[in-house]
Amino acid sequence: MSEVFRPYEKLVEITILGKTFLVPERNSLLRAFQFISPETIPYGRFCWNQECQFCRVDCHLPDDDRARPILSCKFIVSEGMAISNLAPELVGCLRAKLGHVAQSNREAAAPPQTKASLAAMATAENE
Ligand code: FES
């Protein structure tokens, strides 16, 4: 599998939803996710070409004052990156590695109207 990664000499530390991982430098963040979870990321619905948006994350770099949305297939990983939000496709692919924090991210990522719609549907079903 190492041939899918760009050559690297060391691993850098990043955090995803507060969990720490070591990933190969000089690679895209999506490749870093693949390094973390090689059994799921290659089978996700990712275009790897900045078109599908399924790889979108909120990323906070050490020099930034706040997180910003990026495409992980485009952005090169760097030491100290902190990923604070993941697109649902990534949450699904990384669930086993992230554990319970993935579930809380999925709930937080749901738009308010979706939660309200679900509550309304549950109420309608109970009537
Ligand atoms: S993988 Fe499709 S936009 Fe990044």
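Residues numbered from 1 in each chain as written. Predicted model: local features only at pLDDT ≥ 70, side-chain atom pairs only at ≥ 80, totals over all residues.

A. Examining the overall build of the protein more closely. A tally of regular secondary structure across the protein gives four helices and five strands. Walking the protein from its N terminus toward its C terminus, one meets helices and strands in the order β-β-α-β-β-β-α-α-α. Among the 127 residues that make up the protein, the fraction classed as buried is 25%. Within the protein, contacts between residues separated by at least 24 positions form 52% of all contacts whose residues are at least 6 apart in sequence. (Helix = DSSP H or I, 4+ residues; strand = E, 2+ residues; numbered from the N terminus. Buried ≥ 20, exposed ≤ 12 C-beta atoms within 10 Å, placed from the backbone. Contact = placed C-beta atoms within 7 Å.)

B. Representation of helix 2 (residues 88–98) in the model. Listing the buried residues of helix 2 in full gives Leu90, Cys93, Leu94 and Leu98. End-on view of helix 2: buried residues confined to an arc of 135°, all on one side of the axis. Phi turns positive one or two residues past the end of helix 2, at Gly99, with a value near 65°. (Arc of directions from axis to C-beta.)

C. Highlighting the environment of Ile70. Among the secondary structure elements, Ile70 is positioned in strand 4 (residues 68–71). Distance from Ile70 to Val57, taken between C-alpha atoms, is 5.6 Å for residues 13 residues apart in sequence.

D. Structural context of helix 1 (residues 29–36). For helix 1, the buried fraction is high: eight of the eight residues fall into the buried class. The elements touched by buried residues of helix 1 are strand 1 (11–16), strand 2 (19–24) and helix 2.

E. Just the nonpolar core, in detail. By size, the foremost hydrophobic cluster in this structure holds 26 residues, and its most contacted members are Ile14, Ala32, Phe33, Cys55, Ile83, Leu90 and Leu94. Looking at this core, the elements with two or more residues in it are strand 1, helix 1, strand 3 (56–60), strand 5 (82–86) and helix 2. Per-element accounting of this core gives the leading share, six residues, to helix 1. If we ignore the near neighbours within four places in the chain, the residues touching Ala32 are Ile14, Val23, Pro24, Asn27 and Val77. (Core = buried A, V, L, I, M, F, W, Y, C linked by C-beta atoms within 7 Å.)

Fair warning: the whole summary comes from geometry, so function is off the table for now.
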